[in-house]
Amino acid sequence: MSILKCCFILLIISFVITSCKKDNNDEDQIQNNPPVASFTVTPTTGNTSTTFNFDASASHDDNDPLSSLQFRWDWENDGNWDTQFSNDPTSTHQYGTEGDHAIKLLVQDTEGLSGTDTRQVTVTNPPFQCGDPFTDPRDGEIYNTIQIDTQCWMSENLNTGNMINGNLDQADNGEIEKYCYDNNEANCDTYGGLYQWNELMQYSTNDSAQGICPDGWHIPSDFEWMTLEMAVGMPESEVVKSGLRGTDEGAKLKAGGSSGFEALLGGYRNNGGSFLSIGSYATFFTSSHSTINLSWCRYLFSTKDQILREKFEKTFAYSVRCIKD
Ligand SMILES: [Ca+2]
Ligand SMILES: [Ca+2]
Ligand SMILES: [Ca+2]
């Protein structure tokens, strides 16, 4: 073999090796990697009327620009995609139920490779609107509510705390105690609990104290009762009187009456520990005390359409209606 021929063969071999290497480099450059999915949520907490905004424009890919990537969303991360693929990296969603919801994003590049990202939002109940049922967060009891003119009232008597026997006094012991008429819990379910004044005020003497009402509610004052009575037609000159007042305002406040207040004739417990007058009287303490021993009250009657305003012994136990702050 001539030297020239030998050199030529070496040249061919070296050329082949070089071009092979070049082919390998080309393969490295066109190798595709999945996109990196990334998104933000604004806000991260809200309620069932909140529109949550999702922005996945921080997602990126090795070969494809953002505009070529496809996005889809699973709003509860339950494995079922809730949107079609879209070129738009942003989306919005509202949640119908409260709780923590995980969101999954899928980003796909032009060759079908994909990446995912997840985030979480917290959804709470919407703000309370008067007329909606109110759930007491302390025990899950649910109360109907009614807007009467300027005031928002519960339209059911409060039923909270632990039942104690009628022959015991309720005590300043850090727990809410209630009587149920005839010591029968079923009467509390229907008529609500009966409470002595100091207990229902939780040992405050302030007008409109929260007392045993849930947060955001309080024990109505004598004046707030007067406002209610005027809203259902009692003249201002009458509301300030004591004794039986007005004409048919009591009838409007009783169950089935036109106001929606739905007062039930739950009777009361006297200071001797006896239960009296269920089906005959509805009895309510106000948060306005008159003397160390007496507080202003309201009575409604099965046989009368008027409303009694009088001072009674704080050691009696009456029904409680909460009014919104
Ligand atoms: Ca890619
Ligand atoms: Ca889903
Ligand atoms: Ca107590």
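Thresholds applied
- Numbers given for residues are sequential positions, taken from 1 along each chain in its written order.
- Following the order in which they are written, the chains are lettered starting with A and the ligands numbered starting with 1.
- Totals for whole chains, interfaces and linings use every residue, but because this is a predicted model, local features are given only for residues with pLDDT of at least 70 and side-chain atom pairs only at 80 or more, for both listing and counting.
- Side-chain figures throughout are based on the complete set of non-hydrogen atoms in the structure, without hydrogens or water.
- The disulfide criterion used throughout: a pair of cysteine sulfur atoms within 2.5 Å.
- Strands are runs of DSSP state E lasting at least 2 residues, helices are runs of H or I lasting at least 4, and numbering of each runs from the N terminus.
- Relative accessible area decides the class of each residue, using a 1.4 Å probe on protein chains only: under 20% of the type maximum gives buried, over 50% gives exposed, and in between gives partly exposed.
- Segment limits for the domains were obtained from an automatic or database-derived domain assignment.
- Any two strands are treated as partners once DSSP identifies two or more bridges connecting them.
- Axis lines are fitted through C-alpha atoms, for helices just across the contact stretch, and the angle between N-to-C directions can take any value from 0 to 180 degrees.
- Residues count as neighbours in contact if any of their non-hydrogen atoms are within 4.5 Å of one another.
- Residues belong to a common nonpolar core when they are buried Ala, Val, Leu, Ile, Met, Phe, Trp, Tyr or Cys residues joined through side-chain atoms within 4.5 Å.
- Grid points spaced at 1 Å and placed over the protein atoms alone form the basis of the search, with a cavity being a set where a 1.4 Å probe fits but cannot get out and a pocket an open set showing protein on both sides within 12 Å along at least five of seven lines. Lining residues have an atom within 4 Å of a point.
- Grid points are joined across faces, edges and corners, and a volume is the space filled by probe spheres set on the points.
- Any residue outside Ala, Val, Leu, Ile, Met, Phe, Trp, Tyr, Cys, Pro, Asp, Glu, Lys and Arg is labelled polar, Gly included; the first ten of those are nonpolar and the last four are charged.
- Any N, O or S atom lying within 2.8 Å of the metal counts as a donor, with the limit raised to 3.2 Å for Na, K and Ca; because water is left out of the atom set, some sites can appear incomplete.

## Looking at the state of the cysteines
Item 1. Per the stated rule, a full pass over the model turns up 3 disulfides.
Item 2. The disulfide partner of Cys-180 is Cys-188, and the gap between their sulfur atoms is 2.0 Å. The S-S bond linking Cys-180 to Cys-188 shows a torsion near -105°; that makes this disulfide left-handed.
Item 3. Disulfide pairing places Cys-213 opposite Cys-322 at an S-S distance of 2.2 Å. Across the disulfide from Cys-213 to Cys-322, rotation about the S-S bond amounts to roughly -95°, and the bridge is consequently left-handed. In this pair, Cys-213 is assigned in the loop between helix 3 (197–200) and strand 15 (217–218) and Cys-322 in the loop between strand 22 (317–318) and strand 23 (323–324), connecting sequence segments 109 residues apart.
Item 4. Looking at Cys-322, the relative accessible area reads 0%, which means it is buried.
Item 5. The connectivity of the disulfide bonds within the chain can be written as 1-2, 3-4, 5-6, using the sequence rank of each bonded cysteine.
Item 6. Not part of a disulfide, Cys-297 finds its nearest cysteine sulfur in Cys-213, a span of 15 Å.
Item 7. For Cys-297, a relative accessible area of 1% corresponds to the buried category.

## Some words on the domain arrangement of the chain
Item 1. In terms of domain boundaries, the chain breaks down into domain 1 (40–124) and domain 2 (134–324).
Item 2. One C-alpha centre belongs to domain 1, the other to domain 2; they are set 51 Å apart.

## Here's the deal with the sheet that holds strand 16 (residues 243–245)
Backbone-to-backbone hydrogen bonds pair the strands of a sheet. The strands run either parallel or antiparallel.
Item 1. Strand order in the open sheet made by the 4 strands is 16-21-20-19, with antiparallel pairing throughout. Edge positions in the sheet fall to strand 16 and strand 19 (281–289), since each of these pairs with one other strand and no more. Going across the sheet, the axis of each strand differs from the next one's by a mean of 30°, ignoring polarity.
Item 2. Summarising the sheet, strand 16 and strand 21 (residues 307–313) pair through 3 bridges and their orientation is antiparallel. Bridging across to strand 21, Arg-245 finds its partner in Ile-307.
Item 3. Contacting strand 16, strand 19, strand 20 (294–301) and strand 21, helix 4 (residues 222–231) crosses the sheet at an angle of about 25° to strand 20.

## Some thoughts on the nonpolar core
Item 1. Ranked by size, the top nonpolar core spans 25 residues in total, and within it Leu-200 and Val-320 carry the most contacts.
Item 2. Ranked by the residues each element gives to this core, the list is headed by strand 20, at 3 residues.
Item 3. Residue contacts for Val-320: discarding those within four places in its chain leaves Asn-157, Leu-158, Gly-193, Tyr-195, Leu-200, Ile-212, Cys-213, Ile-219 and Phe-284.
Item 4. Core analysis: the second largest hydrophobic core is formed by 17 residues, Val-232, Met-234, Val-239 and Leu-300 among them.

## Some points on empty space enclosed by the protein
Item 1. On inspection of all chains with the given rule, the structure shows 1 cavity of 30 Å³ or more.
Item 2. Of the pockets and cavities examined, the largest cavity occupies roughly 30 Å³.
Item 3. Around the largest cavity, the lining residues are Leu-200, Ile-219, Pro-220, Trp-225, Phe-284, Phe-285, Ser-319, Val-320 and Arg-321.
Item 4. Broken down by class, the residue content of the lining of the largest cavity amounts to 7 nonpolar, 1 polar and 1 charged.

## Brief notes about the coordination of the calcium ion (ligand 2)
Item 1. The protein atoms donating to the calcium ion (ligand 2) are Asp-74 (OD), Glu-76 (OE), Asp-78 (OD), Asp-78 (OD), Asn-80 (O), Asp-82 (OD) and Asp-82 (OD), with metal-donor distances spanning 2.4 to 3.2 Å.
Item 2. If you list the donors of the calcium ion (ligand 2) from N- to C-terminus, the spacing comes out as D-x1-E-x1-D-x1-N-x1-D.
Item 3. Relative accessible area serves as the criterion here: at 34%, Glu-76 is assigned to the partly exposed category.

## Let's talk about the sheet that holds strand 7 (residues 114–124)
Item 1. Strand order in this open sheet of 4 strands is 2-7-6-4, and the pairing throughout is mixed. Every interior strand has two partners, whereas the edge strands, strand 2 (45–47) and strand 4 (70–74), have only one. Mean inter-strand twist for the sheet, computed between neighbouring axes without regard to direction, equals 35°.
Item 2. Where strand 6 (residues 99–108) and strand 7 come together, 10 bridges link them in antiparallel fashion. Directly across from Val-107, in strand 7, lies its bridge partner Gly-115.

## Focus: unusual backbone geometry
Item 1. A cis amide bond links Thr-42 to the next residue, Pro-43, at an omega of -10°.
Item 2. Examined against the element boundaries, Pro-43 turns out to sit in the loop between strand 1 (40–42) and strand 2.
Item 3. Notably, Asn-77 is not glycine yet its phi reads approximately 50°, a positive angle.
Item 4. With respect to the helices, strands and loops of the structure, Asn-77 is situated in the loop between strand 4 and strand 5 (90–93).
Item 5. Owing to a relative accessible area of 34%, Asn-77 belongs among the partly exposed residues under this scheme.

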